[in-house]
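Residues per chain are reported as follows:
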Amino acid sequence: MDYNSDFDDQSQPVPVKPHRSFWQKLGAGSLSISLIFHAILLAVGLVWVFKIIPPEPEKVVDFMPKSGGGGSPSAQSQQKKHQVRMAQPNLARVSAKDAIGSITLPEPEENTQMTSLGSLSSGSMSKGLGGNGGGGGKGDGNGPGFGDGLAAGMSDGKGNKNPFGTATLDRGALVGTFYDLKQTSNREPTDMTDDQFRIETADIVKRGFKDSVFRKYFKAPRELYQTKLLIPMIPAEGAPAAFEVEKEVQPRRWIVVYRGAVKPPRAGRFRFVGAGDDLLVVRLNGRSVFDYGYTLASTGTHLFGRGEDMDGTKEEDQVLAKEIRKLSPMKLPISFYKYASTPRQNSQIGGMAVGPEFEVKEGQVCPIEILIGEIPGGSFSVSLLIEEIGATYQKDPAGFPILPLFRLDNSQPSTELKGEVPPFDPNGPIWKFVPGATKRDI
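Residues numbered from 1 in each chain as written. Predicted model: local features only at pLDDT ≥ 70, side-chain atom pairs only at ≥ 80, totals over all residues. Heavy atoms only, no water.

**Concerning the overall build of the protein**
- For the protein, the count of helices and strands is nine helices and 20 strands.
- Residues counted as buried form 51% of the 442 residues belonging to the protein.
- Taking contacts inside the protein between residues at least 6 apart in sequence as the whole, the part at least 24 apart equals 74%.
- Total accessible area on the protein stands at roughly 22000 Å², and carbon and sulfur atoms take up 54% of it. (Helix = DSSP H or I, 4+ residues; strand = E, 2+ residues; numbered from the N terminus. Buried < 20%, exposed > 50% of the residue type's maximum accessible area, 1.4 Å probe, protein only. Contact = heavy atoms within 4.5 Å. Areas by Shrake-Rupley, 256 points an atom, 1.4 Å probe, with all protein chains shown as cover.)

Given below as structure tokens:
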């Protein structure tokens, strides 16, 4: 054994490896650089994406009609739009022939409860229905429509008015309820077609607008309060938006029913005059006294293009005439007032239809229900006037009487209305609302 050799080997220093942490063993240097680089790259990418992708524009209900009439929405897409100045302030008052005594009608108020398309107080209609009235008045911009009596805007800027009624009851008014026949009360689709809707509407009218016939359908939680009906042609989505169900209801095959009770301004004989796109039915004292529009609701008959069948110009359709005489309050041949300001209704359904006469007594409490509705979608309009038999009215150039609106208060629609509406006398009599009266009470 070589001791010297062994000693020399043992005396040499043993190399010691430098201490490295666990993170360094995993390659911390390169990994850290890679992570930092990718984090910076990701941040730059996110900023770039958010800058080039704009937010989804807010959906606004445009109240300029896209189409009109009781047919398909596209069928009327080329209709010309008319702006009509109505309700001249210097119209003569209504006077009854051979009347004894003096009656002073109240002066009209400037404000109206239904002629502006402002949003409800909740704000859901602050843009969709609140037009931007230009010019003087209470409008808040310069959009089309009719502001609170003074401009072409459809809102008074307060966001609490719309043409289907007010959200709060500040005076006597009919209570309006919105129903969607396309879905059940449980929000299940009914798969109802336009023709099926017309058949169902005829059944609803036959059964007297009873609550029970509507219970199976979706009902809007919001109720609105209405004192008159004069709505120029607007998009059909206006009604769901007015009742705050635009997210739940598509703008077609819907119905609104206004209910209440009224007293006549005096004893006499009266008749309703008007038209609905698509539906307008009036029940008074438990029976239908008016029914006319693009669909005759009581029979479910689509009347688009059939005005001459109704006014007797064409040879009478015996089957249709028999059905109308049996189920409808309208008397054939139907008389029409063809105002120059309503050319669309004149050409498509005959004009403003004249309903049958009915009699009321002094102080009589009359339950009243008014049904309006839209079938195919596209656009909607309604006008309801009333004519007193024996009264003297100013005439338009064609000789048709300028009638007052059927109304429950002094409020007046705007003097400028966007769309086709009949002329009306702003000084007509007022039917008094009877609070708390129901069919059961009378």
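What follows continues from the structure just given.
**Remarks on the packing of aromatic side chains**
- Counted under the stated rule, the structure contains 17 aromatic pairs.
- With a centroid separation of 5.4 Å and 25° between ring planes, the pair formed by F272 and F358 is classed as stacked. Pair noted here: F272 is in strand β8 (residues 268–277) and F358 is in strand β15 (residues 358–360), with a separation of 86 residues, a long-range link.
- With 6.2 Å between their ring centres and 70° between their planes, Y337 and Y339 make a pair best called edge-to-face.
- Given the relative accessible area of 0%, Y339 is considered buried.
- By way of ring pairs, the aromatic residues F164, F178, F243, W254 and F380 are connected into one cluster.
- When the ring centre of F218 is taken as reference, the NZ or CZ atom of R187 above it lies at 5.4 Å. (Phe/Tyr/Trp six-rings, centres within 6.5 Å; stacked < 30°, edge-to-face > 60°. Lys NZ or Arg CZ within 6 Å of the ring centre and 35° of its normal.)

**A word on the nonpolar core**
- F164, Y292, I370 and I372 are the most contacted members of the largest nonpolar core, which has 69 residues in total.
- The greatest single-element share of this core, amounting to five residues, is contributed by strand β17 (residues 379–388).
- Leave out the neighbours within four places in its chain, and Y292 touches G274, A275, G276, L280, L303, M310, M330, I334, F336, I349, G351 and A353.
- Counting residues in hydrophobic clusters, the runner-up holds 17 residues, among them Y179, M192, L371 and I375. (Core = buried A, V, L, I, M, F, W, Y, C linked by side-chain atoms within 4.5 Å.)

**What about the pairing of strand β9 (residues 279–284)?**
- For β9, the buried fraction is high: six of the six residues fall into the buried class.
- Note: β9 against strand β10 (residues 287–291), four bridges, orientation antiparallel. Bridge assignment links V281 to a residue of β10, and that residue is D291.
- Two successive antiparallel strands, β9 and β10, enclose a turn made up of two residues, where N285 displays a positive phi of approximately 55°. (Pairing = 2+ DSSP bridges.)

**Quick notes on helix α4 (residues 194–206)**
- Given a rise of 1.5 Å per residue, 13 residues ought to cover 18 Å, and the 18 Å separating the end C-alpha atoms of α4 matches this to within 8%.
- By the burial criterion, the buried members of α4 are F197, R198, E200, T201, A202, I204 and V205.
- Where α4 terminates, the next one or two residues include G208, which has phi positive at roughly 75°. (Expected span 1.5 Å × (residues − 1).)

**Concerning the side chain of R198**
- Position of R198 among the secondary structure elements: in helix α4.
- We classify R198 as buried; its relative accessible area is 6%.
- Of the polar contacts made by the side chain of R198, one reaches the side chain of T295; its length is 3.0 Å. (Polar contact = N/O pair within 3.5 Å; in protein donor to acceptor, adjacent residues only side chain to side chain.)

**Describing the pairing of strand β3 (residues 174–184)**
- With nine of its 11 residues buried, β3 lies for the most part within the structure.
- Sheet topology places β3 next to strand β5 (residues 224–226); three bridges connect them, and they run antiparallel. Within β5, the residue paired with G176 across the bridge is L224.
- One ladder, built from six bridges, connects β3 with strand β7 (residues 254–263); its direction is antiparallel. Following the sheet pairing, T177 is matched in β7 by V257.

**Quick look at unusual backbone geometry**
- Note the cis peptide between D277 and D278, where omega equals 25°.
- By the secondary structure assignment, D278 is in the loop between β8 and β9.
- For F209, which is not glycine, the phi dihedral falls at a positive 60°.
- The exposure class of F209 is buried, given its relative accessible area of 1%.

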